[in-house]
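Structural features, examined
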Amino acid sequence: MNPAAQYILDQPEPFRTILLQLQSLIEQAVPGYSLKYKYRLPFYYLKDKPFCYLNCSRDYVDLGFIRGAWLQSHSQVLVSEDRKVVKSLRYRSVEEIDVEILLAVLQEAVLAQDKKNWRPPLKLF
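Structural notes, computed from the coordinates. (Residues numbered from 1 in each chain as written. Predicted model: local features only at pLDDT ≥ 70, side-chain atom pairs only at ≥ 80, totals over all residues. Heavy atoms only, no water.)

Here's the deal with the pattern of salt bridges
Following the criterion strictly, the structure yields 4 salt bridges and no others. In this structure, Asp-62 and Arg-90 form a salt bridge, with 3.0 Å as the shortest nitrogen-oxygen distance. On the criterion of sequence distance, the pair formed by Asp-62 in strand β4 (residues 61-65) and Arg-90 in strand β5 (residues 87-91) is long-range, its members being 28 residues apart. Looking at Arg-90, the relative accessible area reads 17%, which means it is buried. The partner of Glu-81 in a salt bridge is Arg-90, and the shortest N-O contact between them spans 2.9 Å. Beyond isolated ion pairs, a larger network of salt bridges with shared partners links Asp-62, Glu-81, Arg-83 and Arg-90. (Salt bridge = Lys/Arg side-chain N within 4 Å of Asp/Glu carboxyl O. Helix = DSSP H or I, 4+ residues; strand = E, 2+ residues; numbered from the N terminus. Buried < 20%, exposed > 50% of the residue type's maximum accessible area, 1.4 Å probe, protein only.)

Put into structure tokens, the structure is as follows:
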């Protein structure tokens, strides 16, 4: 079995259900992805570049976006926690997954993935 899939299946509830739901939504919404196991986490790649990852902590599931600093919409729900580039959506239960917001963030993240300039936009103030 794929180690990324095994990571998801090995998680305790309710995190396994959250991860499976996120996996399903990502795989339906993001064309051309590949799921790999890197840094002991399931990573989704687009065009051979890391796109997002799934991480289960003690209290929540983190859906991290590698180019999160490019994401502008739904900033009120994206968590950066002093990270300069990565932003994430966090879920403690499957009921917390707002599919509309998730799909909008995924769509914006796909567009950010295609940007030529890796650096995030400058914040002047």
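Resuming the write-up.
Quick look at a nonpolar patch on the surface
A cluster of nonpolar side chains, namely Met-1, Leu-9 and Leu-20, defines an oily patch on the protein surface of about 300 Å² accessible area. Structurally, Leu-20 can be placed in helix α2 (residues 15-29). Under the relative-accessibility criterion, Leu-20 is labelled partly exposed at 35%. (Patch = residues over 30% accessible without salt bridge, like charges linked within 9 Å, V, L, I, M, F, W, Y side chains within 5 Å. Areas by Shrake-Rupley, 256 points an atom, 1.4 Å probe, with all protein chains shown as cover.)

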